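Take a look at the letters that make up each chain.
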Amino acid sequence: QVHLVESGGGLVQPGGSLRLSCVASGNISSIFAMGWYRQPPGKPRELAAAIRLGGVANYPTATKGRFTISRDNEKNTLSLQMDNLKPEGTGVYYCNDLWDNSDSTWGQGTRVTVSS
């Protein structure tokens, strides 16, 4: 199975930018749709952005216009460019298969803190 490792999190001020990376140990071309998820402190995990194998992306209202998801199926990487970050963007960010994401598939994630 594909193993995913997230990186790039950190502390940023509101309005700032951050780019997250996800490196896969396997071939992500076998995954039809992937997503970046985030889990705010004390709240359930939620989808921040999703992308299909061919590159079509979808965003919820909370991130649309500010986040950009991309994937490189040859390098087996998934990225998330986050611009104009807001305090509610604080949380642990994870990358995963959009459809096959049972409890055992989640990694450590990367922590993002948006604060002054």
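Just so you know, these numbers come straight off a predicted model, no measurement behind them. (Residues numbered from 1 in each chain as written. Predicted model: local features only at pLDDT ≥ 70, side-chain atom pairs only at ≥ 80, totals over all residues. Heavy atoms only, no water.)

Student: It is not clear to me how the sheet that holds strand β9 (residues 91–97) should be interpreted in this structure. Could you clarify?
Tutor: Sheet strands pair via backbone hydrogen bonds, and the direction of the pair is either parallel or antiparallel. Read across the sheet, six strands follow the order β2-β10-β9-β4-β5-β6 without closing on themselves; strand pairing throughout is mixed. In this open sheet, the two strands that pair with only one neighbour each are β2 (11–12) and β6 (57–58). In this structure, strand β4 (residues 33–39) lies alongside strand β5 (residues 46–52), joined through six bridges in antiparallel fashion. From the neighbouring strand, W36 faces β5, where its bridge partner is A49. (Pairing = 2+ DSSP bridges. Helix = DSSP H or I, 4+ residues; strand = E, 2+ residues; numbered from the N terminus.)

Student: Explain the packing of aromatic side chains to me, please; I cannot follow it from the model alone.
Tutor: Each aromatic ring pair is described using two quantities: the centre-to-centre distance and the angle formed by the ring planes. Within the structure shown, the criterion is met by two aromatic pairs. Clustering of aromatic rings is evident, with ring pairs tying together Y37, Y94 and W106. One Lys or Arg, R45, reaches over the ring of Y94 and ends 5.2 Å from the middle of that ring. The residue whose ring lies beneath R45 is W106, and the NZ or CZ to ring-centre distance is 3.8 Å. (Phe/Tyr/Trp six-rings, centres within 6.5 Å; stacked < 30°, edge-to-face > 60°. Lys NZ or Arg CZ within 6 Å of the ring centre and 35° of its normal.)

What is shown is where atoms sit, not what they do.
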